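# Breakdown of the fold
Given next are the chains, with one letter for each unit.
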Amino acid sequence: MTRIVVLTGAGISAESGVPTFRGADGLWEGHRIEDVATPEAYERNPDTVLAFYDARRRAVEAVAPNAAHRALARLEEAIGGDLLVVTQNVDDLHERAGTRDLVHMHGELRRALCTGCGARPGWEGDLIHRPPCPECGERMLRPDVVWFGEMPYDLDCIENAVVACDVFASIGTSGSVYPAAGFAALAAAFGARTVELNLEPSDALVPFDDARAGPATELVPAWVEELIAART
Ligand code: APR
């Protein structure tokens, strides 16, 4: 059995209409990342940060998964438990495409985090009006998004899968944010074959065995078909 770990980043959702973080202007939807994606920014200016993520949540609701998300769901259908998708994305396009075995290492827009009791309730609406936490009733909900300086979710589970996999694929990520950016080198150190599918080659720590440049909606379905064909 070939065990596969796929790491995805903003590039896989770009063709669905979700902007990537590091656009040509260095801004994320008109904001500097450090003004909306750090605990310090939230402390300084909670309304700006809450409004920013409320807008992101609504924007994602209005878009749909693309052929790259769907191809990964098809891969899971074909190989089942031998695939783990780890996403840095806070959108829900992988699950809407049908992927089930999925880790949101940087959190999710459709979840809130209570800074009072630690609950992480599913969340559809806005947070700007300070709704009460469904668990403890305190009005201390923030987006359940991992900001710079915070610990990503499920690192143990991810690292166990990365060291045990035979193929590691990095899709649509600039490889500039750790620890995710180190997973490919870790997989390679444990003997995995590494693949990159990205619009342009990233600044990889260790060169990928197979680096393909182009849009995710073309590269990912083609790669998935190759993998499925190789197993049959
Ligand atoms: N197909 C494939 N790749 C694409 C496409 C596309 N259509 N469009 C853009 N890309 C590539 C870009 O070339 C870039 O290398 O996707 C990458 C996106 O990089 P970033 O914007 O840096 O996004 P990501 O790597 O996911 O960021 C990591 O940084 O701000 C934090 O927590 C945030 O999870 C995020 C993390």
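Everything below is about the structure shown above.
So, here is what we can say about the structure in this document. If you're wondering where the values come from, they're calculated on a predicted model, not measured in any experiment. (Residues numbered from 1 in each chain as written. Predicted model: local features only at pLDDT ≥ 70, side-chain atom pairs only at ≥ 80, totals over all residues. Heavy atoms only, no water.)

## Observations concerning the site of the ligand
Among the 21 residues in the neighbourhood of the ligand, the closest are listed as Ala10, Arg22, Thr173, Ser174 and Glu200. The separation between an oxygen atom of the ligand and a polar main-chain atom of Ala10 is 2.8 Å. In this structure, Glu15 approaches the ligand through a side-chain N or O atom, which is 2.9 Å from a nitrogen atom. Against a free-state accessible area of 740 Å², the protein chains account for coverage of 91% of the ligand. It is helix H1 (residues 10-14) that provides the largest number of residues to the shell around the ligand, a total of 3 residues. Among the residues making up the shell around the ligand, the classes are represented as 8 nonpolar, 10 polar and 3 charged. (Near = heavy atom within 4 Å. Polar contact = N/O pair within 3.5 Å; in protein donor to acceptor, adjacent residues only side chain to side chain. Areas by Shrake-Rupley, 256 points an atom, 1.4 Å probe, with all protein chains shown as cover. Helix = DSSP H or I, 4+ residues; strand = E, 2+ residues; numbered from the N terminus. Nonpolar A, V, L, I, M, F, W, Y, C, P; charged D, E, K, R; others polar.)

## Quick notes on unusual backbone geometry
For the peptide bond that leads from Tyr178 to Pro179, omega is 10°, which places it in the cis range. Looking at where Pro179 falls in the secondary structure, it is placed in the loop between strand S6 (167-171) and helix H8 (183-189).

## As for helix H7 (residues 155-164)
The complete set of buried residues in H7 reads Leu155, Ile158 and Val162. Taken around the axis of H7, the buried residues stretch over an arc of 65°, which confines them to a single face. Opposite the buried face of H7, by more than 90 degrees, sit the exposed residues Asp156 and Asn160. Buried residues along H7 sit in contact with strand S1 (4-8), strand S2 (83-87), strand S3 (102-104), S6 and H8. (Buried < 20%, exposed > 50% of the residue type's maximum accessible area, 1.4 Å probe, protein only. Arc of directions from axis to C-beta. Contact = heavy atoms within 4.5 Å.)

## Describing the sheet that holds strand S8 (residues 210-213)
The strand order S3-S2-S1-S6-S7-S8 describes an open sheet built from 6 strands, whose pairing is parallel. The sheet terminates laterally at S3 and S8, the two strands that pair on one side only. Ignoring which end each strand starts from, the neighbouring axes of this sheet average 15° apart. Strand direction decides the pairing type here: strand S7 (residues 193-198) and S8, joined by 4 bridges, are parallel. Its bridge partner lying in S8, Glu196 is registered against Ala211. (Pairing = 2+ DSSP bridges. Axes fitted to C-alpha atoms, helices over the stretch in contact; angles between N-to-C directions.)

## Quick word on the state of the cysteines
A complete count under the given rule lists 0 disulfides for this structure. Left without a disulfide partner, Cys136 is nearest to the cysteine sulfur of Cys114, which lies 3.7 Å away. In this structure Cys136 comes out as partly exposed when scored by relative accessible area, which is 34%. The closest cysteine sulfur to the non-disulfide-bonded Cys165 is located on Cys157, 13 Å from its own sulfur. Given the relative accessible area of 4%, Cys165 is considered buried. (Disulfide = S-S within 2.5 Å.)

## Remarks on a nonpolar patch on the surface
On the surface, Tyr178, Leu205 and Val206 cluster together into a nonpolar patch covering about 310 Å² of accessible area. Within the fold, Val206 resides in the loop between S7 and S8. Taking relative accessible area as the criterion, Val206 reaches 38% and is therefore assigned partly exposed. (Patch = residues over 30% accessible without salt bridge, like charges linked within 9 Å, V, L, I, M, F, W, Y side chains within 5 Å. Salt bridge = Lys/Arg side-chain N within 4 Å of Asp/Glu carboxyl O.)

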